[in-house]
Amino acid sequence: TSNDGNTTTSTLSFVPKKEDDGKYLSCRAENKMMSSEGLEDGWKLEIHYTPEAKIILGTSLNPDAIREGTDVYFDCTINAHPSVYKVEWRHNLPAYWTECYAWIPVLPLLFFQGKLLNINVGAGIIISNQSLVLQGVSRATAGNYTCVGYNTEGDGESTAFYLNVLYAPTCKPNQTRIYGVAKQERAQITCQVDANPPDVQFRWTFNNSADSVDVAQSHIARSGTSSVVTYTPMAEMDYGTLLCFASNKIGGQRVPCVFHIIAAGKCRDGLRI
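Residues numbered from 1 in each chain as written. Predicted model: local features only at pLDDT ≥ 70, side-chain atom pairs only at ≥ 80, totals over all residues. Heavy atoms only, no water.

The protein chain appears in an unreviewed UniProt entry as Ig-like domain-containing protein from Aromia moschata.

Participant: It is not clear to me how the layout of surface pockets should be interpreted in this structure. Could you clarify?
Facilitator: Where empty space is left in the structure can be found by rolling a water-sized probe over the atoms. A volume near 230 Å³ is recorded for the largest pocket. Taken together, 14 residues form the lining of the largest pocket, with E68, A168, T170, G252 and R254 sitting closest to its centre. Considering every element that reaches the lining of the largest pocket, the biggest residue donor is strand 12 (residues 167-171), with five residues. Looking at the lining of the largest pocket residue by residue, the classes come out as seven nonpolar, three polar and four charged. (1 Å grid on protein atoms, 1.4 Å probe; cavity = no way out; pocket = protein on both sides within 12 Å on 5 of 7 lines; lining within 4 Å. Points joined across faces, edges and corners; volume = space filled by probe spheres on them. Helix = DSSP H or I, 4+ residues; strand = E, 2+ residues; numbered from the N terminus. Nonpolar A, V, L, I, M, F, W, Y, C, P; charged D, E, K, R; others polar.)

Participant: Teacher, can you tell me more about the sheet that holds strand 8 (residues 131-134) here?
Facilitator: Strand-to-strand pairing in sheets goes through backbone hydrogen bonds, with the strands running parallel or antiparallel. One open sheet holds the four strands; their spatial order is 3-4-8-7, and the pairing between them is antiparallel. Pairing within the sheet leaves two strands with one partner each, and these edge strands are strand 3 (49-57) and strand 7 (125-128). Each adjacent strand pair in this sheet contributes to an overall mean axis angle of 15 degrees, direction not counted. By the bridge criterion, four bridges tie strand 7 to strand 8 in an arrangement that is antiparallel. Looking at strand 8, one finds that I127 is bridged to L132. (Pairing = 2+ DSSP bridges. Axes fitted to C-alpha atoms, helices over the stretch in contact; angles between N-to-C directions.)

Participant: Looking at this structure, how should I read the nonpolar core?
Facilitator: Where a protein is soluble and globular, its nonpolar side chains tend to be buried together. Counting 22 residues, the largest nonpolar core has I189, C191, F202, W204, L242, F259 and I261 as its most contacted members. Those elements giving two or more residues to this core turn out to be strand 13 (178-181), strand 14 (187-196), strand 15 (201-207), strand 18 (226-231), strand 19 (240-248) and strand 21 (257-263). Take this core: its biggest share by element is five residues, from strand 14. With sequence-adjacent residues up to four places away left out, C191 is seen in contact with Q175, F202, W204, T225, S226, S227, C244, C257 and F259. Membership of the second largest hydrophobic core comes to 21 residues, among which are L61, A142, Y145 and L163. (Core = buried A, V, L, I, M, F, W, Y, C linked by side-chain atoms within 4.5 Å. Buried < 20%, exposed > 50% of the residue type's maximum accessible area, 1.4 Å probe, protein only. Contact = heavy atoms within 4.5 Å.)

Participant: Got a minute to help me understand the pattern of salt bridges in this structure?
Facilitator: Enumeration according to the criterion identifies 11 salt bridges in this entry. Among the ionic pairs, E19 bridges to K18, the shortest N-O distance being 3.1 Å. In this structure, K183 and E236 form a salt bridge, with 3.0 Å as the shortest nitrogen-oxygen distance. Placement of the pair is K183 in the loop between strand 13 and strand 14 and E236 in the loop between strand 18 and strand 19, with a sequence separation of 53 residues. For K183, a relative accessible area of 35% puts it in the partly exposed group. Within the structure, one salt-bridge network assembled from shared partners comprises K18, E19 and E52. (Salt bridge = Lys/Arg side-chain N within 4 Å of Asp/Glu carboxyl O.)

In structure tokens, the structure reads:
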């Protein structure tokens, strides 16, 4: 109250939250000594805040049953004031990635093995408003996806959604494909596959120019996505091709892993003779 008693000031300390956006803040004064109505003044609050983004998988999709070849779509829901002027989609980029790095196009690939997603119909990437469509996903499509909303207050990134893509086994590259083995020498042939889920079963067959037979399970060992068959050629007809077939709940591999068993001299002191 002022010294002359004619002016009274009230001060409110108030830290607004985004939930207060659009609410009405008012100040009302009354004098109980007067019969007249009090005086009131107020403001409609307009609270600015950075976007809050959330990535949502299409409702018709089961995140635990997405196979290679499936079309996948995401929606990005954003709460922001003012409204966002841009929405960005990211694949396997860290949370601290910002536009500051975007001027170096190869940086995501060199350091993060990730990328900013842009419309690429040929590659099956379609972006419309706040939706992302991935057509015919493959194992390379798997990984963490986020969406980012930008407004004049800054940018806000969603929590990452991990897209798990299931696929039948395929042969891993760069395996030993030719084994030189002497008669009556025991060899161990290793077959490695890539599969998701990695719970796989193996079957081996032996082919030569005359016949094709299954290898007995007693000669087959498995460890994760690898299998080792113990094979001992006893005669000329035991040289040929070993085929390794793996399967998981998604299906069996379309093309087996092929290993050629060829005749070689016996091994003595680490050398073939």
